[in-house]
Amino acid sequence: MIRTLRLKYLLTYLWIFSISLAGLAQEIPTDPAIIKEGESLFKANCQTCHRVHQKLVGPALADVYNRAPSIDWIKAFIRNSAAVIASGDEYAVKLYNEYNKTQMTAFTGLKDDQIMAILAYIKDETIKGPPQAQPQPGPAGQQVTTGVPESYLNVILIGLVVILVLLVIILGFLISALKRLIDQKPLSEEDRELVHSTVTLSTVVRSKGFLFIVVFFATTLAVKAVINGLYSIGIQKGYAPKQPIAFSHKLHAGAYEIDCKYCHTGVLKGKSATIPSINICMNCHSQVKTESPQIQKLWAAADWQPETKTYGPNQQPIEWVRIHNLPDLAYFNHAQHVVVGGIECQTCHGPVEEMEVVQQYSLLTMGWCIDCHRKTDVNAKGNAYYDKLVELHSKQSKQPMKVEDIGGLECAKCHY
Amino acid sequence: MTSVLNKKLAALTVLALASCKAGGDYQGMEYAPNMYHSVAYEPYTQITDKDAGRWVTSIEYEDGHAEYYNSNNLNPHKMNMRMPPPHTVSRNYMPYRLPADSLEVAAKKVSPLKGDEKAILAEGKVLYEIYCDHCHGAKGEGDGKVATGVTIDGVERGFYAGVANLKGDAYKNITEGHIFHVITMGKGLMMPHGSQISPEDRWKIARYVKSLQQ
């Protein structure tokens with residue numbers, strides 16, 4: 001009797017205790033379905049600034065349910081962190097100051113059980129522990145190269161040639177030594193002729209036919225070199241100067257797929273595609289790869305003050321080296337070609353998104369311009385400006401309207 | 001004797017012509033260099049060496065500089081380009097006067113764009129793909145390559161943390177005025193993009209972002 005009574009007391013006590021516990025610290029659900037829901041909520045709302053195991057814009061969230069003052073506090077902070085900070089809450093103010101006074105976005109729309117689901121996901125991830133270590137990135141600003149560098153290849157090649165020459169000399173010595181050895185023995189007439197042939201290397205070299213062949217090939221090569229040389233005058237194709245900051249188009253335009261026009265903003269508006277001003281670099285590099293010496297050059301040029309996030313007064317222009325130099329006598333307009341003509345940047349500039357160091361890809365000679373103006377159809381579709389021209393052209397010709405048909409070869413279009 | 005000299009001369013010519021080709025830091029040999037080197041100030045070319053191109057100089061310039069010299073002595077850093085004077089605006093340009101911290105006021109601004117909604121959205125999409133999608137992602141989910149990071153040759157490269165998921169709860173109900181203001185002035189970790197994108201284009205992007213969020 002007493003025993004059962006005790007058990008009853010004990011059970012009631014436990015029941016009351018568990019209820020009060022739930023009231024104090026709400027139980028974080030462990031149901032896999034809720035964790036899954038929390039994961040998608042976390043990815044949609046939190047992941048931009050938080051990771052579970054990594055400090056990003058905001059703190060790493062592992063163990064946050066034990067760290068923060070209470071679950072209710074977390075809910076209040078998520079819904080309106082500004083209000084919690086303004087109320088003078090000690091923990092909130094400390095956080096705010098620790099993270100450079102970055103205000104967390106207010107997620108007013110998140111419901112109680114949604115926040116609990118997110119916490120469930122965080123708890124699940126916390127228990128799982130951080131993921132396996134990733135491969136370490138190479139030294140700052142350097143590409144990891146595999147294979148033999150080009151300079152070594154040259155050294156190897158020269159070494160091989162030297163070895164070959166040595167072999168030829170050794171063989172020559174061997175032959176003459178063997179001849180002397182054979183001469184000491186009695187030989188038949190046939191064998192003697194074979195050993196002391198009248199046609200030796202020196203007779204071949206001194207023959208007229210050989211001389212003619214050598215002179216012929218040498219002159220042909222020289223003439224070819226002269227013609228090539230003459231044709232390369234005034235052509236800067238292949239020019240790839242070293243720039244003051246080792247900016248990689250391969251990384252930015254290639255790997256990260258940043259549009260050319262994001263930085264070269266003038267290309268849609270005017271004659272020049274424009275070299276981006278430093279503030280465009282700083283759109284990302286105020287916080288990306290800030291420790292790299294190349295980025296430090298950028299910061300110095302912009303006189304960037306990371307504490308106040310402003311540009312200082314001691315700015316220095318970056319002296320980028322111009323690659324494409326059109327002579328002063330020719331006019332070229334980027335907007336006309338890119339906006340009206342609808343031509344891709346790569347048509348003239350080549351695969352810049354694959355270039356570590358940018359080089360001039362096209363000839364940029366007049367012949368090159370004219371060739372394209374002869375071959376290219378006018379991008380007249382949906383452009384009312386060309387309607388009448390297309391109409392007139394179609395009366396005269398059945399061919400599509402090329403650029404040359406609307407004055408693309410007129411001297412004064414480009415030279416004035 | 002003369003034939004030997006001739007041969008040497010020919011060999012030298014061949015060598016000299018072979019080195020005309022441009023490559024690396026060498027710009028190649030110019031035909032009529034006076035035509036490549038502008039007398040007028042060239043915005044994207046600056047040659048500060050007063051003796052550059054002395055060998056083709058035929059004009060006597062007042063300060064004795066040679067043909068290629070192209071710098072404006074009156075400008076800071078002798079640059080040929082110059083910042084616009086402070087407190088001036090170009091013609092037909094309406095400055096945006098709201099300061100960066102006036103997001104609440106800006107959010108009430110109504111887009112001035114009127115007319116063909118389809119055309120506005122089509123142009124907005126093109127502009128969004130130029131200026132926004134490498135961070136915010138093609139669908140606005142904050143998953144562009146810059147935001148997620150890339151791996152090249154097994155090496156993980158850096159990424160830009162804190163890119164907003166435009167479809168997230170916090171941004172679902174923002175107005176076009178809000179988006180316009182954030183593009184112009186920046187917010188949180190996003191830097192201002194006002195210098196890159198014209199006001200009209202910013203409104204088009206804002207309209208397109210709203211269509212993405214639906």
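Thresholds applied
Residues numbered from 1 in each chain as written. Chains lettered and ligands numbered in written order. Predicted model: local features only at pLDDT ≥ 70, side-chain atom pairs only at ≥ 80, totals over all residues. Helix = DSSP H or I, 4+ residues; strand = E, 2+ residues; numbered from the N terminus. Rg over C-alpha atoms; globule rule 2.2 N^0.38 Å. Buried ≥ 20, exposed ≤ 12 C-beta atoms within 10 Å, placed from the backbone. Contact = placed C-beta atoms within 7 Å. Expected span 1.5 Å × (residues − 1). Arc of directions from axis to C-beta. Nonpolar A, V, L, I, M, F, W, Y, C, P; charged D, E, K, R; others polar. Domains from an automatic or database assignment. Core = buried A, V, L, I, M, F, W, Y, C linked by C-beta atoms within 7 Å. Axes fitted to C-alpha atoms, helices over the stretch in contact; angles between N-to-C directions. Parallel < 35°, antiparallel > 145°, perpendicular 65-115°, else oblique. pLDDT = per-residue confidence, 0-100. Left-handed = near helix turned anticlockwise from the far one by under 90°.

### Regarding the overall build of chain B
- Counting secondary structure elements, chain B contains eight helices and two strands.
- Listing each helix as α and each strand as β along chain B from the N terminus yields α-α-α-α-α-α-β-β-α-α.
- Over its C-alpha atoms chain B spans a radius of gyration of 27 Å, topping by over 25% the 17 Å that the globule rule assigns to 214 residues.
- Considered along the principal axes of its C-alpha atoms, chain B spans approximately 90 × 50 × 35 Å.

### A closer look at the overall build of chain A
- Of regular secondary structure, chain A possesses 20 helices and two strands.
- Evaluated residue by residue, chain A yields a buried proportion of 16% over its 416 residues.
- Partitioning the intrachain contacts of chain A with sequence separation of at least 6 by distance along the chain shows that 62% fall at a separation of at least 24.

### Quick look at helix H4 (residues 117-131) of chain B
- Taking 1.5 Å of rise per residue, 15 residues should cover 21 Å, and H4(B) covers 21 Å from first to last C-alpha, within 8% of that figure.
- Where H4(B) is concerned, the buried positions are B:Gly124, B:Leu127, B:Tyr128, B:Ile130 and B:Tyr131. Viewed end-on, H4(B) has its buried residues packed into an arc of 155°, placing them on one side of the element. Among the exposed residues of H4(B), those pointing more than 90 degrees away from its buried face are B:Lys118 and B:Ala119.
- Those residues of H4(B) that are buried lie in contact with helix H13 (260-263) of chain A together with helix H5 (133-136) and helix H8 (199-213) of chain B.

### Digging into the interface of chain B and chain A
- Between chain B and chain A, the residue contacts involve 54 residues of the former and 58 residues of the latter.
- Counting residues per element, the side of chain B that touches chain A draws most heavily on helix H1 (residues 2-18) of chain B, at five residues.
- Here the residues of the side of chain B that touches chain A are counted per class, giving 25 nonpolar, 19 polar and 10 charged.

### Notes on the environment of A:Ala92
All names here are of chain A.
- Its place among the elements puts Ala92 in helix H6 (residues 90-98).
- Distance from Ala92 to Met366, taken between C-alpha atoms, is 67 Å for residues 274 residues apart in sequence.
- In this view, Ala92 contacts Phe77, Val84 and Ile85; residues no more than four positions away in its chain are not counted.

### Considerations on the domain arrangement of chain B
- When its domains are assigned, chain B resolves into domain 1 (27-87) and domain 2 (103-213).
- The straight-line distance from the C-alpha centre of domain 1 of chain B to that of domain 2 of chain B is 41 Å.

### Considering unusual backbone geometry
- Positive phi outside glycine occurs at A:Lys289, with the angle close to 55°.
- Relative to the helices and strands, A:Lys289 is located in the loop between helix H14 (278-285) and helix H15 (293-302).
- For B:Asn92, which is not glycine, the phi dihedral falls at a positive 65°.
- Position of B:Asn92 among the secondary structure elements: in the loop between helix H2 (33-36) and helix H3 (103-107).

### A short note on the nonpolar core
- In this structure, A:Ile118, B:Tyr131 and B:Ile205 are the most contacted members of the largest nonpolar core, which totals 46 residues.
- Counting residues per element, the ones that place at least two in this core are helix H2 (32-46), helix H7 (112-128) and H13 of chain A together with H4, helix H6 (145-148), helix H7 (176-185) and H8 of chain B.
- Top contributing element to this core by residue count: H7(A), with seven residues.
- With near-sequence residues (within four places) excluded, A:Ile118 lies in contact with A:Gly38, A:Leu41, A:Phe42 and A:Cys46.
- A:Ile74, A:Phe77, A:Val84 and A:Ala92 belong to the second-largest nonpolar core, a separate cluster that totals seven residues.

### A word on the packing of H2(A) against H7(A)
Residue and element names in this part refer to chain A.
- Contact pair H2 / H7: the axes reach a minimum separation of 7 Å and the direction vectors enclose 100°. Comparing the axis directions of H2 and H7 gives the class roughly perpendicular. On the side of H2, the interface is formed by Ile34, Ile35, Glu37, Gly38, Glu39, Leu41, Phe42 and Cys46, while H7 contributes Gln114, Ala117, Ile118, Ala120, Tyr121 and Asp124.
- Taken together, the residues of the contact of H2 with H7 sort by class into nine nonpolar, two polar and three charged.

### Structural notes on the confidence of the model for chain B
- Of the residues in chain B, 91% have a pLDDT of 70 or more, and the chain-wide mean is 87.
- Our summary of model confidence lists the complex with pTM equal to 0.76 and ipTM equal to 0.89.

### Observations regarding the packing of H14(A) against H15(A)
All names here are of chain A.
- Put simply, H14 and H15 touch, their axes get as near as 11 Å, and they point 130° apart. Accordingly, the angle class assigned to the pair H14 and H15 is oblique. Every pair of crossing elements has a handedness; the one defined by H14 and H15 is left-handed. Counted together, Ile278, Cys281, Met282 and His285 of H14 and Ile295, Leu298, Ala301 and Ala302 of H15 form the full contact between these two elements.
- Across the contact of H14 with H15, the residue classes tally to seven nonpolar, one polar and no charged.

### With respect to the confidence of the model for chain A
Residue and element names in this part refer to chain A.
- Summary statistics for chain A give a mean pLDDT of 85 and a share of 89% for residues scoring 70 or more.
- Across residues 19-24 the pLDDT falls below 50, and counting only partners more than four positions away or on other chains, this stretch makes one contact in the model.
- Counting interchain partners and residues more than four positions distant, the pLDDT-below-50 stretch residues 134-145 has 14 contacts.

### Topic: H7(A)
Residue and element names in this part refer to chain A.
- Between its first and last C-alpha, H7 extends 24 Å over 17 residues, near the 24 Å set by a 1.5 Å rise per residue.
- Listed as buried for H7 are Met116, Ala117, Ile118, Leu119, Ala120, Tyr121, Ile122, Lys123 and Glu125.
- For H7, the elements touching its buried residues are H2 and helix H3 (64-67).
- Positive backbone phi, at 85°, marks Gly129, one or two positions downstream of H7.

### Observations regarding the environment of A:Leu164
- Its place among the elements puts A:Leu164 in helix H8 (residues 150-183).
- With 78 residues separating them in the primary sequence, A:Leu164 and A:Lys242 have C-alpha atoms 38 Å apart.

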